[in-house]
Every structure is written in structure tokens, then in C-alpha cells.
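# Report on the structure
Each chain is listed here by its residues.
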Amino acid sequence: MQNARIDSFIFWFAIIVVLLATVSLVIFRESAEPVLDQIMTGITFKMDWAWQFLTIGLFVLLIWLAFSRFGKIRLGEGKPEFSTFSWGTMLFTAGMGTSIMYWSMVEPLYYYSGPPFGIEPGSQAAAEWSLTYALFHWGISAWSLYAFPTVVIAYSYFIRKQPSLKMSVALRGALGKYADGWLGKVIDILVIWSLIGGLGTTLGLGVPMVSQVVARVFGLEPSLMLDAILVILITVVYSASAYLGLHKGIRRLSDLNVYLALALAIFVLLAGPTLFILTYFTNSFGMMIQNFAMMSFYTDPIGQGGFPQAWTVFYWAWFAATAPFMGLFVARISRGRTIRQLIMHMLLWGSVGAWIYFMVFGGYSMNAELTGKLDLSGILAEKGGDAAIVEILSSLPLSAIVLPFFIVLAVIFLSTSLDSATYVLAAIATKEMRPGQEPARWHRMIWGGVLAVMGISLLLVGGLRVVQTSAVVVSIPIFLFYLLLIVSLMRWLKKDFPKKSGFVITQASKEE
């Protein structure tokens with residue numbers, strides 16, 4: 001494959017902005033943290049209604065698109081570039097990372113101790129809603145936030161023949177000529193920052209979790225040095241994958257990732273309280289379906305308990321902050337798919353994968369808590385989620401094998417997210433990237449190095465939480481991007497496939 005040339009302005013400006021912002025957040029952490037916290041509180045408490053309407057609105061719009069006449073539009077010529085399985089594994093592992101490993105074990109426990117609707121903590125009702133809300137947060141609504149930008153970017157790339165994988169290009173239908181000027185550059189740099197911020201969350205959850213498990217296996221004390229060594233190891237893995245490219249590196253690592261993840265889930269399902277896990281999931285899944293509309297619009301304006309703002313709205317803002325990355329990456333790997341296939345597979349692959357993990361690990365951890373086998377709520381409150389995860393894994397049969405297996409899986413999960421991210425960062429900072437082209441290898445390696453240096457420096461000074469918060473803060477302009485993406489796609493569809501001229505599934509649309 002041919003490599004594409006870099007966009008020097010975006011490349012250098014983005015690196016300078018990211019490094020300056022990171023250094024500033026580290027140096028002025030004490031003063032920056034309360035300011036960012038206030039902004040995040042404003043986002044979650046004052047924009048709760050807007051995020052709720054946007055998320056459910058995108059879901060409705062995607063379903064309409066999938067089953068309308070536009071759902072038959074094929075993105076790119078010829079057969080799909082990747083098999084359905086490999087395509088699904090890449091989009092799932094890029095979107096979930098180690099977050100699914102972390103939250104599938106501890107999120108139901110958080111809801112058990114701090115349930116919604118004014119329910120008494122630790123009660124039967126709290127236990128029933130615990131897994132229900134976890135399934136809701138990681139299901140179709142979350143993947144709707146990922147899927148819509150993907151559809152617009154893929155349409156721009158394959159149907160409109162725009163030779164670039166950038167958010168600014170996907171917004172051209174709404175912004176017109178302004179997408180090519182300074183505004184477009186600012187948009188792309190903001191997307192890079194949102195991606196860096198999202199990766200801060202991935203590293204912030206994944207590295208300390210793996211570090212705790214490594215410390216338990218080898219009898220070590222968790223330390224910043226151990227965290228730094230893990231970041232270097234992960235960097236080697238994802239850089240090698242990104243260097244090999246989509247077909248030889250990212251695809252193969254994603255396939256391996258899903259095989260290992262399924263193997264661990266099946267083991268826990270069979271070795272754990274199988275009947276409880278299945279019945280608990282069935283009950284929780286039914287409650288989620290029954291209450292889907294209510295949870296989608298729940299803001300608790302009377303009780304003001306803060307649950308939907310602290311969890312649901314925070315999740316929607318977090319997923320939105322990383323959605324441009326998902327949209328750019330999944331659009332690139334979706335050549336040969338129809339819009340209907342793209343939408344339905346993203347919603348189902350992502351949701352089903354997340355539901356399986358929450359069913360197994362959420363069910364196992366809640367059973368250990370409810371039966372008194374482990375005091376996970378106490379461990380969670382005193383020592384945090386990482387310590388709770390170590391205790392959950394240690395309580396499994398064959399824990400001497402499970403713990404090292406978990407380490408390998410977590411490293412691969414982190415790597416599959418970061419190799420995809422490295423590829424996308426390089427793609428955004430590339431001038432043109434036509435089908436069949438990839439960002440230059442040295443370009444991918446530079447972004448891999450930037451991520452590694454940033455990750456280690458922030459771990460050493462404890463600044464990851466600030467970057468996680470800043471990722472959500474960036475979701476404010478991302479919210480506006482969603483509105484512009486809707487306008488952009490609707491204008492293109494109306495122009496390219498007018499109803500009166502008949503509908504032909506073609507890619508004859510030309511760049512404006």
C-alpha cells in the first residue's frame with residue numbers, strides 16, 4: 001500500500017498544543033483541577049437534558065437511516081475489505097479497550113451502594129437495578145454515539161469521494177468552504193485533543209488495574225515505576241501492531257483479543273455461579289428493555305440525587321469525546337458495507353459484546369457480594385476498584401492461571417485501542433488518504449511515542465485524572481459537531497439521492 005503525505009500544519013500544531021496542554025495541566029494541576037471539575041459539573045448538571053435528547057435522538061435517527069431507502073447505499077466499491085468477524089472485532093476492541101474489563105466487575109457494585117431513584121443502598125431493589133443500569137450504559141445508546149459519526153465520515157470518504165479521514169471534511173456538508181480554512185484546522189486539532197483525553201481515561205483505568213494484578217502475581221508492591229514499565233510494554237505491543245498496518249497488525253491483534261476475551265468469559269461463566277449469572281442477566285435485561293425510555297430521559301429534577309448526572313450524562317459525554325476517533329477508524333475499515341450493515345453491526349456487535357462481559361463479570365461480582373463470599377462494597381470504598389478486581393479474580397478457581405491470563409488479555413485490550421488510536425491520529429494529520437493508502441509508518445510511530453511519553457509523565461505526577469476530566473470538557477464542542485454532522489449528512493443525502501429522480505445505489509456523487 002502507498003503511504004500518504006502528512007499535513008504539516010495539523011501535525012506540528014497538534015503536537016505542540018497537546019504537549020503544552022499536558023505540561024500545563026501537570027504543572028498547574030492544583031489550580032486546574034477545581035476549574036475543570038466545575039466545568040464538568042456544569043456539563044453534567046446543566047446540559048443533562050441536552051445529552052439525553054441527543055443520545056436517544058441519534059438512536060432513532062440511525063434506525064430510520066438503516067431501514068430507509070438510504071440504508072442500501074454501499075460504502076465503496078467491491079467486496080468488503082475485511083471479513084465480518086475481523087471487522088466486528090476491530091470496531092469492538094477499538095471502542096471498549098480495558099474499560100469493559102474494569103467496569104464490568106465494579107460498576108454494578110457502585111450502583112448497589114449508590115442506587116438511582118432514591119432506592120435504599122444495599123437493598124434488593126438496589127441489587128436488581130445494579131446490573132440493569134450497567135447494561136443500559138454500555139449498550140445501544142452508547143454505541144449510537146459511536147455509530148452516527150462513523151456513518152457520516154464513511155459517507156464522506158466513500159460516497160462523496162473526499163480524499164481525507166478528518167472530522168472537518170465530514171462537516172463540509174454543513175460548513176461548506178469554511179471546512180477547508182482555519183475553522184477546519186481548529187476542528188481537527190480539537191478532535192486530536194479529545195482523542196488524547198479519551199486515551200487518558202483508557203490509561204488511567206487500564207494501567208493501574210493491570211499493575212495491581214501484576215503486583216499480586218509476583219508479590220510486588222504497586223508503584224509508579226511498575227506503572228511506567230507497563231506503559232512501555234504496552235507501547236511496544238501497540239506500536240508494533242500499528243507499524244504492521246491494518247491487515248497484518250491491527251486486524252490480527254483484534255481477532256486474538258476477542259478470542260482470549262471470550263475464553264475468559266466462558267471460563268468464569270462455567271466456573272462461577274452459572275445459574276445465578278444467567279438468571280440475574282435475564283432479569284436485568286428485561287428491566288432494561290422495559291425501562292429503556294425512562295432511563296434515556298431520566299434527569300431526577302425533583303429528588304436531585306445526582307445519579308443520572310454523575311453516571312449516565314457523564315458516560316454520554318465521555319463516549320462522545322472519543323466518538324470522532326471511533327468514527328474515523330471504523331469508517332476506514334468499512335469499505336464494501338452498506339449503511340444498514342454499518343449501523344446494525346455497530347449497534348449489535350458493540351452492545352452484545354459489552355452485555356456478555358457485564359453478564360458474566362457483573363453477575364459474578366454481585367453474587368460474591370450478595371452471598372457474603374467477598375465484601376466487595378467495603379473493598380471498593382476503602383481501597384478502590386483496582387483492589388476489588390484483584391480480589392474478584394483471586395476468588396476464582398485456578399486463580400494462579402486466571403491472574404496471568406488476565407494480565408495478558410488486559411495488555412492486548414489496551415494495545416488494540418491504542419494501535420487504532422495511533423492509526424487515526426496519523427490519519428487526521430495526513431493531507432490526503434485515498435482508499436488503499438495508509439499513513440506513513442514513521443508518522444504512526446511518532447504518535448505512538450507521543451502517547452507513551454504523555455502516559456508515563458502523567459502517571460509519574462498523578463495527573464491522569466485531570467486529563468480524564470478534560471476529555472469530558474472537550475465534549476462541549478463535540479456536542480456541536482454532532483449537530484453539524486446531522487446537517488451535513490441530511491444535505492448530502494438530499495442532494496445525492498433526490499426522491500423524484502429515483503433511487504439508484506451508486507457512488508456517482510462527486511466532490512463539491
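Residues numbered from 1 in each chain as written. Predicted model: local features only at pLDDT ≥ 70, side-chain atom pairs only at ≥ 80, totals over all residues. Heavy atoms only, no water.

### A short note on the overall build of the protein
The secondary structure content of the protein amounts to 21 helices and 4 strands. Taken over the C-alpha trace, the protein has a radius of gyration of 22 Å; the compact-globule value for 512 residues is 24 Å, and the two agree within 12%. The principal-axis extent of the C-alpha atoms belonging to the protein is close to 65 × 45 × 45 Å. Every one of the 512 residues in the protein was classed for burial, and the buried ones make up 62%. By element, 67% of the accessible surface of the protein is carried by carbon and sulfur atoms, the whole surface being about 19,200 Å². In the protein, 34 side chains carry a positive charge and 27 a negative one; their mean positions are 17 Å apart. (Helix = DSSP H or I, 4+ residues; strand = E, 2+ residues; numbered from the N terminus. Rg over C-alpha atoms; globule rule 2.2 N^0.38 Å. Buried < 20%, exposed > 50% of the residue type's maximum accessible area, 1.4 Å probe, protein only. Areas by Shrake-Rupley, 256 points an atom, 1.4 Å probe, with all protein chains shown as cover. Lys, Arg positive; Asp, Glu negative; His and termini not counted. Charge placed at Lys NZ, Arg CZ, Asp CG, Glu CD.)

### Regarding the nonpolar core
One finds Trp138, Phe329 and Trp447 to be the most contacted residues of the largest nonpolar core, which totals 179 residues. Broken down by element, this core gets its largest block of residues, 18 residues, from helix H18 (residues 399–428). Residues within four places of phenylalanine 329 in sequence aside, it is in contact with Met90, Ala94, Leu246, Ile250, Ser420 and Val424. (Core = buried A, V, L, I, M, F, W, Y, C linked by side-chain atoms within 4.5 Å. Contact = heavy atoms within 4.5 Å.)

### A closer look at the pattern of salt bridges
Summed over all chains, the structure comprises 7 salt bridges. A salt bridge links glutamate 81 to arginine 332, with the shortest nitrogen-to-oxygen separation between them at 3.0 Å. Placement of glutamate 81 in the loop between strand E2 (74–75) and helix H4 (84–96) and of arginine 332 in helix H14 (residues 307–332) is noted, with a sequence separation of 251 residues between them. For arginine 251, the salt bridge goes to aspartate 255, with nearest N and O atoms at 3.6 Å. On the criterion of helical spacing, the pair formed by arginine 251 and aspartate 255 is a turn pair, its members being 4 residues apart in helix H11 (residues 224–271). Among the residues examined, aspartate 255 registers a relative accessible area of 11% and is labelled buried. One connected set of salt bridges, linked through shared partners, spans Asp7, Lys166 and Lys185. (Salt bridge = Lys/Arg side-chain N within 4 Å of Asp/Glu carboxyl O.)

### Points about the environment of leucine 175
Locating leucine 175 in the fold gives a position in helix H9 (residues 172–175). For leucine 175, a relative accessible area of 17% translates into the label buried. Linking leucine 175 and valine 453, residues 278 residues apart in sequence, is a C-alpha distance of 35 Å. What leucine 175 contacts, discounting residues up to four positions off in sequence, is Leu183, Ile187 and Leu484.

### A few points about the packing of aromatic side chains
Tallied over the entire structure, the rule returns 43 aromatic pairs. Note on phenylalanine 117 and tyrosine 133: the rings are 6.0 Å apart at their centroids and 45° apart in plane angle, and the pair reads as tilted. Here the residue phenylalanine 117 occupies a position in the loop between helix H5 (99–113) and helix H6 (124–137), and tyrosine 133 occupies one in helix H6, the gap between them amounting to 16 residues. In this structure phenylalanine 117 comes out as partly exposed when scored by relative accessible area, which is 30%. In this structure tyrosine 133 comes out as buried when scored by relative accessible area, which is 0%. Relative to tryptophan 318, the ring of tyrosine 315 lies with its centre 5.8 Å away and its plane at 20°, an arrangement referred to as stacked. In this pair, tyrosine 315 and tryptophan 318 both sit in helix H14, 3 residues apart, roughly one turn of the helix. We classify tryptophan 318 as buried; its relative accessible area is 7%. (Phe/Tyr/Trp six-rings, centres within 6.5 Å; stacked < 30°, edge-to-face > 60°.)

### Let's talk about helix H15 (residues 339–370)
Here H15 spans 44 Å end to end across 32 residues, near enough to the 46 Å set by a 1.5 Å rise per residue. The buried fraction of H15 amounts to 23 of the 32 residues, a majority that puts the element mostly inside the structure. Positioned one or two residues after H15, glycine 372 has a phi angle of 80°, which is positive. (Expected span 1.5 Å × (residues − 1).)

### Description of the packing of H5 against H15
Relative to each other, H5 and H15 sit at 45°, their axes nearing to 8 Å. Judged on the interaxial angle alone, H15 and H5 are oblique. Between H5 and H15 lies a crossing whose hand is right-handed. On H15, the residues that touch Ile100, Met101, Trp103, Ser104, Met105, Glu107, Pro108, Leu109 and Tyr112 of H5 are Ala354, Tyr357, Phe358, Phe361, Gly362, Ser365, Met366, Glu369 and Leu370. (Axes fitted to C-alpha atoms, helices over the stretch in contact; angles between N-to-C directions. Parallel < 35°, antiparallel > 145°, perpendicular 65-115°, else oblique. Left-handed = near helix turned anticlockwise from the far one by under 90°.)

### Digging into the environment of serine 394
Relative to the assigned elements, serine 394 resides in helix H17 (residues 385–394). The class for serine 394 is partly exposed, based on a relative accessible area of 22%. Considering only alpha carbons, one finds serine 394 and valine 217, 177 residues apart in sequence, at a separation of 9.8 Å. A polar side-chain atom of serine 394 sits 3.0 Å from a polar atom in the side chain of arginine 216. (Polar contact = N/O pair within 3.5 Å; in protein donor to acceptor, adjacent residues only side chain to side chain.)

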